[in-house]
Amino acid sequence: MPSLLRSFLALILIAAGISVQASVNATLDRKQGAVGAPLLLTLEAQQPAPSEPDLSVLETDFTILGRRHNTLSSFSNGRTLYTQRWLITLSPRRAGQLTLPAITLGNESSEAIIFKALEQASSPSGPALLESSIEQPIIYSRTATVLSVRLYYQAGLTHAEITEPLIDGVQIYPLGDQRYFREQRDGQRYSVIEQRYSLLPEQPGRYRIPTLQFNGLGGSGNPLSAESSPLEFEALPWPEAAAPAEVAATELRLDARWSNPPGAVRAGDTLTRTLIVEAHNVPAAWLPRPALQPPPNVRAYPQPEKRQESINNGVLVSRLELPYQLLFTAAGPAQFPVVTINWWDSVRERREQARLAAERIEVGQFLAPAAAETAVAAQPQAASRSEQQPAPPSADSVAGWSGWLWALVALVCAAGWTLSRAQVRQLEAALSKAQAGLQSETQNRDQADQQQRHELQALDQLQRSCLSGDAAAAYEDLLQWAGEYWPDEPVTSLADIERLASAPTLNYLLRNLEHSLRRRHDDEPWHGDLLYEQIVRLRERRQRSSASPQQRTASHVEV
């Protein structure tokens, strides 16, 4: 009996081990196909870093035609998940029921798959040719040349698979989709499939483009295959005339963008200025970072950069965005200096310079909301009094009405003596009330100024803790800032901030912060830049809602 129990437990452990190991998902694009016809095997596993699959177990019954790898990322429950995907092109060597055995990725394995290989069709098919050519066999390093791969065929195709070029030390980008056309060659008319690639060598040297393979199925289902000839090209070091260029491209421009127009900025305001670098025929990872030198009365806080790549009209276009959060600390002129990038034009073979002109901004004095409304309202009243002010009388009319003036003065004096003591007391009470109201308004204005200074200081401290990725410090600084921002509300937890802010995106980021505080022993870092960005947007929305209609019109704030 004990031996049976041990055997049962062993079976349970083996089954558990198999279920844990079989965490690699393996699928085929079809369940059966002809011998020699290509088929696609997809392997997927949730792993933080890619592991090379062990494909030696497939070589008994299959020919490995090519492989590709992609990394996919997703965000779930406050964590970033990475999926490693391998696309492997195979062709069966023999007919019959074949087994694709388990394939290992790191410490994980897939389950076996059954594939039925059919005998080849007997009907012949037309010829197929695969050719590759390179536009410029000699270029400079870190500049682009174009590889063209063309498949010529005469029979109809039901399936086509061409291996992609892989060259060590060379960045390779497919330039758009495949092109389909017809061409006359050696008296024969062919259908053509063309794919173009941009090749960018990282270092000087001689590079070899390996043999590329085509495998497909003709219209009758029989397999077709062809190979291209290997090619070579050379990358030369940059010439001395290129110094001190930071990057090589065929086109490069430098631009800047403001989050809001800076025309009505005042001390204590925040704006985002984004430097933008866009270039052609260069990877986004190679674009240089222009430096932003803020004026003395501006504090600059770098935000996470954004790099993008796209193919436009067969050209690789890369873009780098560098946002800076700017805090204007004092009134006066803010002079942003010229920003430049030295680059090498690989087409004209000459050094160029992209230049962003200097920009000057007049920063106004800090102005509390009550004082701003009073100042705006006082302007039309002063203008109205100015329009109603009568012109001074001429010298000729003075003598005519001087007698009437003395009579009016005498009448006023007589009326003054008739005022009762009660009316005088009423006037004194009204004057005293007006003086008290003016004093109270001055005190309220001073308190508002002091409150806003404290809130800006707390916001400055919150920004530093958020951008440094310190979740614990950001939690304390966030509560401190919220207490200054809502002085009349009790703020003791993140739930209080959610209730007062009523912003869905901010609520999600607050919960993410709380989740980060709970998993203190997790190696995954916490990024607070998005949280700080939402706090800034919350302040901007409140400023817009509390501003007078005249202020909103004058500031041209984009909602």
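Numbering of residues begins from 1 in every chain and follows the order in which that chain's sequence is written. Two thresholds apply to this predicted model, a pLDDT of at least 70 for residue-level local features and 80 or more for giving and counting side-chain atom pairs, whereas whole-chain, interface and lining totals are computed over all residues. Excluding hydrogens and water, the side-chain figures rest on all heavy atoms present in the structure.

Any details on the environment of Leu 316? Residues and values, ideally.
Secondary structure elements follow DSSP: runs of H or I no shorter than four residues count as helices, runs of E no shorter than two count as strands, and numbering proceeds from the N terminus. Mapped onto the secondary structure, Leu 316 falls in strand E26 (residues 315-328). For the pair Leu 316 and Ala 284, spaced 32 residues apart in the sequence, the C-alpha separation amounts to 9.5 Å.

I'd like to hear about the pattern of salt bridges, residue by residue, with values.
Salt bridge criterion: a side-chain nitrogen from Lys or Arg within 4 Å of a carboxyl oxygen from Asp or Glu. Counting across every chain of the model gives 26 salt bridges. Glu 232 serves as the salt-bridge partner of Arg 206, at 2.9 Å between the closest nitrogen and oxygen. Here Glu 232 lies in strand E20 (residues 231-236) and Arg 206 lies in strand E17 (residues 205-209), a separation of 26 residues in the sequence. Burial classes follow relative accessibility: with a 1.4 Å probe on protein chains only, a residue under 20% of its type's maximum area counts as buried, one over 50% as exposed, and anything between as partly exposed. Of the residues examined, Arg 206 reaches a relative accessible area of 57% and is grouped as exposed. On the basis of relative accessible area, Glu 232 is assigned to the partly exposed category, the value being 37%. A salt bridge links Glu 278 to Arg 319, with the nearest nitrogen and oxygen atoms 3.0 Å apart. Placement of the pair is Glu 278 in strand E23 (residues 270-280) and Arg 319 in strand E26, with a sequence separation of 41 residues. Look at the salt bridges and you will find they share partners, linking Arg 253, Asp 255, Arg 257, Glu 278, Arg 319 and Glu 321 into a network.

Provide a residue-level description of the sheet that holds E17, including the pertinent values.
We call two strands paired when DSSP finds no fewer than two bridges between them. Ordered by their spatial adjacency, three strands build an open sheet running E11-E20-E17, and the pairing between neighbours is mixed. In the strand order of this sheet, the two ends are held by strand E11 (138-140) and E17, each with one partner. Strand-to-strand, the axes of this sheet are offset by a mean angle of 30 degrees, without reference to chain direction. In the sheet, E11 pairs with E20 via three bridges, with the strands oriented parallel. Of the residues in E20, the one forming a bridge with Ile 139 is Ala 235. Here an angle of 0 to 180 degrees is reported between the N-to-C directions of two axes, which are lines fitted to C-alpha atoms, with helices fitted over the stretch in contact.

How would you sum up the nonpolar core? Please name residues and give values.
Working definition of a nonpolar core: buried Ala, Val, Leu, Ile, Met, Phe, Trp, Tyr and Cys residues. They are joined through side-chain atoms within 4.5 Å. Counting residues in each nonpolar core, the largest one holds 33 residues, and the members touching the most others are Leu 252, Leu 326, Phe 328 and Phe 336. Among the elements of the structure, strand E21 (247-249), strand E22 (251-258), E23, E26, strand E27 (332-336), strand E28 (339-345), strand E29 (350-356) and strand E30 (359-363) are those that each provide at least two residues to this core. The leading source of residues in this core is E26, at six residues. Working rule for contacts: check all heavy atoms of both residues, and any pair within 4.5 Å makes them a contact. Beyond its immediate stretch of four places on either side in the chain, Phe 328 contacts Trp 258, Val 265, Arg 266, Ala 267, Gly 268, Asp 269, Leu 271, Asn 297, Val 298 and Val 363. Counting residues in each nonpolar core, the second largest holds 28 residues, with Leu 478, Trp 481, Ala 482 and Leu 538 among its members.

Can you lay out the pairing of strand E19 (residues 223-227) for me, pointing to particular residues and giving the numbers?
Of the two faces of E19, the one lined by Leu 224 and Ala 226 is fully buried and the one lined by Pro 223, Ser 225 and Glu 227 carries no buried residue. Pairing analysis gives five bridges linking strand E18 (residues 213-218) to E19, with the strands arranged antiparallel. The residue of E19 that forms the bridge with Asn 215 is Ser 225. Linking E18 back to E19 in an antiparallel pair, the connection comprises four residues, with Gly 221 at a positive phi of about 95 degrees.

A description of the sheet that holds strand E9 (residues 113-118) should follow, citing residues and the corresponding values.
The three strands lie next to each other as E2-E9-E6, forming an open sheet whose pairing is mixed. Unpaired on one side and paired on the other, strand E2 (32-34) and strand E6 (96-100) mark the two borders of the sheet. Taking each pair of neighbouring strands and ignoring which way they run, the sheet shows an average axis angle of 35 degrees. For E2 and E9, the ladder comprises three bridges, and the chain directions are parallel. Bridging across to E9, Ala 34 finds its partner in Leu 118.

Pulling in residues and values, what's your account of helix H5 (residues 471-485)?
Here, expected helix span is obtained from the residue count minus one, scaled by 1.5 Å. Counted at 1.5 Å a residue, the expected span for H5 with its 15 residues is 21 Å, and the 20 Å between its end C-alpha atoms agrees. Along H5, the positions that sit buried rather than exposed are Ala 471, Ala 474, Asp 477, Leu 478, Leu 479, Trp 481, Ala 482, Glu 484 and Tyr 485. One side-chain oxygen of the residue at the start of H5 lies 3.4 Å from the amide nitrogen of Ala 472, identifying that residue as Asp 470. A 3.5 Å cut-off defines polar contacts: any pair of N or O atoms within that distance qualifies, except that in protein one atom must be a possible hydrogen donor and the other a possible acceptor, and neighbouring residues in sequence count only when both atoms are side-chain atoms.

Explain the confidence of the model for the protein chain residue by residue, including any values.
Put simply, the protein chain has an average pLDDT of 79, and 76% of its residues get 70 or more. A residue's pLDDT is the predictor's confidence in that residue, given on a scale from 0 to 100. With pLDDT under 50 throughout, residues 121-125 is counted as low confidence; its partners more than four residues away or in other chains account for ten contacts. Every residue in residues 548-559 scores below 50 in pLDDT, and together they form 17 contacts with partners more than four places removed in sequence or on other chains.

Give me unusual backbone geometry: which residues, what numbers.
If a residue is not glycine, its phi is most likely negative; likewise, a peptide bond is most likely trans. Here the bond from Ala 243 into Pro 244 is cis, since omega is 0 degrees, no more than 30 degrees from zero. A positive phi is found at Glu 349, a non-glycine position, where the angle reads about 55 degrees. Positionally, Glu 349 belongs in the loop between E28 and E29. In this structure Glu 349 comes out as partly exposed when scored by relative accessible area, which is 47%.

Quick rundown of helix H6 (residues 494-501)? Include the residues and the values.
Regarding H6, the residues found buried are Leu 494, Asp 496, Ile 497, Glu 498 and Ala 501. Note on H6: the residue one or two positions beyond its end, Ser 502, has a positive phi of about 55 degrees.

Hey, could you go over the pairing of strand E25 (residues 306-312) for me, with residue numbers and the actual values?
Note: E25 against E26, seven bridges, orientation antiparallel. By the bridge assignment, Gln 308 is partnered in E26 with Arg 319. Hairpin geometry of E25 and E26 is characterised by an intervening segment of two residues between the two adjacent antiparallel strands and by a positive phi of about 55 degrees at Asn 313.

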